[in-house]
Amino acid sequence: MATSDNTDDINLQNLKVEESTAPQSEATSGAASTDKAAKSKKEKPKQEKPKQEKPKQEKPKQEKPQATAEAPVEELDFNRSQEEVVQALDQWSKKPSTLNKPKPDEKITPKADARNIMITSALPYVNNVPHLGNLIGSLLSADVFARYCRLRNYNTLYICGTDEYGTATETKALEEKCTPREICDKYYDLHTNIYKWFQLDFDFFGRTSTQKQTEIAQDIFWKLHKRNLIFNQSVEQLYCDNCQRFLADRYVAGICPDLACKFIDARGDQCDKCGKLINAVDLIDPKCQICRSTPEIRKSEHLFLDLPTLSSDVQSWFQKSSTTGHWTNTATAITEAWLNEGLKPRCITRDLKWGTPVPLEGYTDKVFYVWFDAPIGYISIAANYTDDWEQWWKQPNKIELFQFMAKDNVPFHSVIFPACLLGTQDNYTIVNHLSGIDYLNYEDSKFSKSRGVGVFGDHAQHTEIPSDIWRFYLLYVRPETQDSVFSWADLMSKNNSELLNNLGNFINRAIAFCEKNLAGKISDVNQLETPLDQLFVAQITYELNAYLEVMEKTRLRDGLKCVLRMSRYGNQYLQLKQPWAKYKGSDADRRDAEISIALALNLVYLLSLVLQPFMPTTSDEIRQQLNINESVYALENAFRCYLPAGHTIGQAKPLFKRIEKALVEEYRLRFAGQKK
């Protein structure tokens, strides 16, 4: 495609990679457009900071992806003020900060002179194979943020692990005719393999069925008991006479008692459709999940946490945490709804065998309920990682705790778990920043393993789509403000437009031009005199700071879109400077072309940094093409001159492949599920 006679009309999605993009003569529109773009504008920049909408309490809306053949062209201006230009150029010439790297096998502990960040993602049930919605809801999101924090040289610990106790594991063991321990071992390996393929970079991935879990959970229980925050009460439970056992939690299912829901497969603790917590005895037409018979109601003695007594402490803590930290609107709204309704006593024991044993006499035949026990897993997993775990979990003034989860897990992390820790008066670290997001649905349905609907973690690696592309798209549609949808057509569209035509196009054309025409050598660009070059540095600095702002607030989807916007500016800059024409001209023109390419390649290096949290393999490939074998520099709040004069780059190679319609149609049919 030939370039337009007017550079303002350039379709950046259709720029060719080669330098032979029908260059115009420097004496005509190319020079004129360069002068026009170089004028520093005083008005406010057109770029608006992304805003978060408050989640509505009515029936949740769903973000529908716009799967078009080409992404719409975005109007871009180099419109920084003169003051911004001066500040950016001052930072440009300063030496970049190096990236801190822990020594091999070094345990990460808090440091006095650093920002100490602890990150957790909701613990996945060990016997559930995670689907794409589970991944973006917690694990992948937390991984992206952890990678970002490390790039910022924050002292970062990212922990997670499998949630292994409870009814679900016992039920699965019965189904597969093995012990709960054998189930946990089998599925723990499955989880670790899936997360390895998706490049989740945990500092430690543990499990909850450990001795440390027993010790810490029982210690928290005794401290609550000592303060009279635990009491016993006789409760009605469903009992299966055929199985000779009480049916705790997910041993029973029936119709949701909420008249507005009436989901036919609600479980005995929570409805997976409306998200409301349920008392099993309130289910309509309940059935034992083991033998499918109808259970009867009997009484059993259980222990309760006195949440009403802890309510004021939780309220005070929540007000401070949610106003000083970064909480999603979804997380805040859910927590406020719970607190405004008034906290009620909550049962913390279950009639099961597989779990953390209750140490109180008279209740030793019971185990702790999974939602009292499971969040304590964050602490025990840290304790299994390092003997110095209390430095992370009992120094709240020195630690920032970020927790990532989907909205159904929010109340357990924002109300119940904080109440337990506050109740101990043991100076525990409690969540400062809570990223609770909405649901990712699949096409026009919901993910369902039993019906074969949707892509699960063990399916993705058996497609022709690399893990980086999966990561990119899941983060592009991350449901940060409302439910969103995974769409095969939209995945194809975003890959072909945003990655291939925008990001890949810019990186390839810059590296290929330098390799072919400049012997792969980087020119000296410490001193910039051309107005457009100066504006380019200022504009990228501005875009970088927009990226940092949203990433600090865990708005990861907006962060990814900032990366793509930087790349668009790179394409726009090259199109305005037209180095493919200038390097054939006078000595001054050739020097200008060398500077343009050197600036573009420095942006390529910056893109390898800001892209690394989202697409780590692609980030490594970019650095290899720049002939930089490992990540050297930290991510700062200024665009630096990363590539020294005389540096020789590597060989240009395409970063992305076009995804064809036939392939996504094949996958759409493969993962559509069983037909009725």
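What counts, and where the lines are drawn
- Residues numbered from 1 in each chain as written.
- Predicted model: local features only at pLDDT ≥ 70, side-chain atom pairs only at ≥ 80, totals over all residues.
- Heavy atoms only, no water.
- UniProt positions renumbered as here; feature names shortened; annotations may be inferred.
- Helix = DSSP H or I, 4+ residues; strand = E, 2+ residues; numbered from the N terminus.
- Buried < 20%, exposed > 50% of the residue type's maximum accessible area, 1.4 Å probe, protein only.
- Expected span 1.5 Å × (residues − 1).
- Arc of directions from axis to C-beta.
- Phe/Tyr/Trp six-rings, centres within 6.5 Å; stacked < 30°, edge-to-face > 60°.
- Lys NZ or Arg CZ within 6 Å of the ring centre and 35° of its normal.
- Pairing = 2+ DSSP bridges.
- Axes fitted to C-alpha atoms, helices over the stretch in contact; angles between N-to-C directions.
- Core = buried A, V, L, I, M, F, W, Y, C linked by side-chain atoms within 4.5 Å.
- Domains from an automatic or database assignment.
- Contact = heavy atoms within 4.5 Å.

The name given to the protein chain in an unreviewed UniProt entry is Methionine--tRNA ligase, cytoplasmic, with the source organism recorded as Rotaria sordida. Taken verbatim from the UniProt record of the protein chain, the Subcellular location (unreviewed entry) comment is "Cytoplasm".

Positive phi, normally seen in glycine, also occurs at N427, with a value near 60°. By secondary structure assignment, the location of N427 is in the loop between helix 12 (410-424) and strand 15 (433-437). The phi angle at N627 is positive, at roughly 65°, despite the residue not being glycine. Positionally, N627 belongs in the loop between helix 20 (616-625) and helix 21 (661-670). The exposure class of N627 is partly exposed, given its relative accessible area of 40%.

Helix length check: helix 5 (residues 180-197) (18 residues) gives 26 Å between terminal C-alpha atoms against 26 Å at 1.5 Å per residue, within 8%. Restricting attention to buried positions, one finds in helix 5 the residues I183, C184, Y187, Y188, H191, I194 and Y195. Take helix 5 and look down its axis: the buried residues cluster within an arc of 130°, on one side only. Looking at the residues trailing helix 5, positive phi occurs at Q199, about 65°.

A word on the packing of aromatic side chains. Inspection of the entire model under this criterion finds 42 aromatic pairs. For the pair F368 and F372, a centre-to-centre distance of 5.0 Å together with 45° between the ring planes defines the contact as tilted. Comparing F368 with F372 shows no difference in burial state: the two are buried. Following the ring pairs from residue to residue traces out a cluster consisting of F78, W92, F536, Y569, Y573, Y605, Y633, F639 and Y642. A cation sits over an aromatic face here: R245 above Y251, 4.5 Å from the ring centre. Between the NZ or CZ atom of K561 and the centre of the ring of Y476, over which it lies, the distance is 4.8 Å.

Time to look at the sheet that holds strand 15. Judged by pairing direction, the sheet is parallel, and its five strands sit side by side in the order 4-3-2-14-15 without closing on themselves. Of all strands in the sheet, those bounded by a partner on one side alone are strand 4 (204-207) and strand 15. The mean inter-strand angle of the sheet, taken between neighbouring strand axes irrespective of direction, is 20°. The pairing of strand 14 (residues 399-406) with strand 15 spans five bridges and is classified as parallel. Bridge pairing in strand 15 places Q403 opposite L434.

In terms of nonpolar packing, the biggest core is built from 189 residues, with W393, W488, Y547 and L601 touching the most fellow members. With 15 residues, helix 19 (residues 587-611) is the largest single contributor of residues to this core. Residue assignment places this core across two domains, with domain 1 (82-96 + 501-648) and domain 2 (117-228 + 311-329 + 372-437) each supplying three or more. Ignoring sequence-local partners within four residues, the contact set of Y547 consists of Y148, G559, C562, V563, M566, V610, P613, F614 and L635. One finds C240, L247, C288 and V367 within the second-largest nonpolar core, a separate group that totals 16 residues.

Moving on: the sheet that holds strand 6 (residues 245-246). One open sheet accounts for four strands, arranged 6-5-10-11; its pairing is antiparallel. Each edge of the open sheet is held by one strand with a lone partner, namely strand 6 and strand 11 (346-347). As paired elements, strand 5 (residues 230-240) and strand 6 share two bridges and run antiparallel to each other. By the bridge assignment, C240 is partnered in strand 6 with R245.

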